[in-house]
Amino acid sequence: MAKRLPILVYPHPNLRKTAMPVDHVTPDISDLVDDMVFTMYEANGIGLAAVQVDRPLQIVVVDTSESKDSPQVYINPLIEESSGLQTTEEGCLSIPGFFEEVERAEVIQVTALDRNGESFTRELGGLDSVCVQHEIDHLNGKVFVDYLSRVKRSRIRKKLLKAKAA
Ligand code: GNR
Ligand code: NI
């Protein structure tokens, strides 16, 4: 059975780790993917990166559907092309309670392995595009507050450290 994994909260240092590529989609990796999808749904997120559950591997899950029945899996994702710009109010399961506007590419072409280890390339727009870019940032040790001013970022950091201590 899939289980809910604990999600690291900013500014946990492990959120700064660089994720390693997955070389084979073994049964252990498949189990991790299942646990990540389960955890994303339980936490009411539209995406989750393995770094957020303290596994520094290049694995991302996304589901932007209303019905929460269309999980997308991206292993070793690579953005091949991007175009345009869009601004979205972003949130992050690792930065609970904070939402800020971030500018990102509008359309991306991403290549990855699926949960069977098969390579695919897909063009994404709108929220799917934003979410995959947000998740790939996590794989590179980056979080959305890195795009904000130092003042905003440090206010968020202080509040989350205070909440953790409480
Ligand atoms: O649940 C999430 N919502 C969200 C909203 C706007 C832009 C990106 C996201 S991803 C986030 C889940 C998460 O933290 N993924 O890393
Ligand atoms: Ni996030």
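Residues numbered from 1 in each chain as written. Chains lettered and ligands numbered in written order. Predicted model: local features only at pLDDT ≥ 70, side-chain atom pairs only at ≥ 80, totals over all residues. Heavy atoms only, no water.

Enquirer: Explain the packing of aromatic side chains to me, and be specific about the residues and the numbers.
Expert: Overall, the coordinates contain 1 aromatic pair when judged by the stated rule. Seen in terms of ring centroids, Tyr74 and Phe120 are 5.7 Å apart; in terms of plane orientation they differ by 45 degrees. Their pairing is tilted. In this pair, Tyr74 is assigned in strand E3 (residues 72–83) and Phe120 in strand E7 (residues 119–124), connecting sequence segments 46 residues apart. In terms of burial, Tyr74 and Phe120 fall into one category: buried. (Phe/Tyr/Trp six-rings, centres within 6.5 Å; stacked < 30°, edge-to-face > 60°. Helix = DSSP H or I, 4+ residues; strand = E, 2+ residues; numbered from the N terminus. Buried < 20%, exposed > 50% of the residue type's maximum accessible area, 1.4 Å probe, protein only.)

Enquirer: Give me the coordination of the nickel ion (ligand 2): which residues, what numbers.
Expert: Distances from the nickel ion (ligand 2) to its protein donors, namely Cys92 (SG), His134 (NE2) and His138 (NE2), fall within the range 2.1 to 2.4 Å. Donor residues for the nickel ion (ligand 2) sit on one chain with the sequence pattern C-x41-H-x3-H. Placement of Cys92 in the loop between strand E4 (86–90) and strand E5 (100–104) and of His134 in helix H2 (residues 126–139) is noted, with a sequence separation of 42 residues between them. The exposure class of His134 is buried, given its relative accessible area of 8%. (Donors = N, O, S within 2.8 Å, 3.2 Å for Na, K, Ca; no water.)

Enquirer: Describe in detail the site of ligand 1, supporting the description with residues and values.
Expert: Taken together, 13 residues lie around ligand 1, and Ile46, Gln52, Leu93, Glu135 and His138 are the ones closest in. Contacts to ligand 1 include Gln52, whose side-chain N or O atom sits 2.8 Å from an oxygen atom. His134 places a polar side-chain atom, nitrogen or oxygen, 3.2 Å from an oxygen atom of ligand 1. Isolated, ligand 1 exposes 380 Å² of accessible area, and the fraction of that covered by the protein chains is 90%. Mapped by element, the contributors of at least two residues to the shell around ligand 1 are E4 and H2. (Near = heavy atom within 4 Å. Polar contact = N/O pair within 3.5 Å; in protein donor to acceptor, adjacent residues only side chain to side chain. Areas by Shrake-Rupley, 256 points an atom, 1.4 Å probe, with all protein chains shown as cover.)

Enquirer: Outline H2, supporting the account with residue identities and numerical values.
Expert: Its 14 residues place the ends of H2 21 Å apart at the C-alpha level, agreeing with the 20 Å of an ideal helix rising 1.5 Å per residue. Counting buried residues along H2, 11 of its 14 residues qualify, which places the element largely inside the surrounding structure. The complete set of buried residues in H2 reads Ser129, Val130, Cys131, Val132, Gln133, His134, Glu135, Ile136, Asp137, His138 and Leu139. (Expected span 1.5 Å × (residues − 1).)

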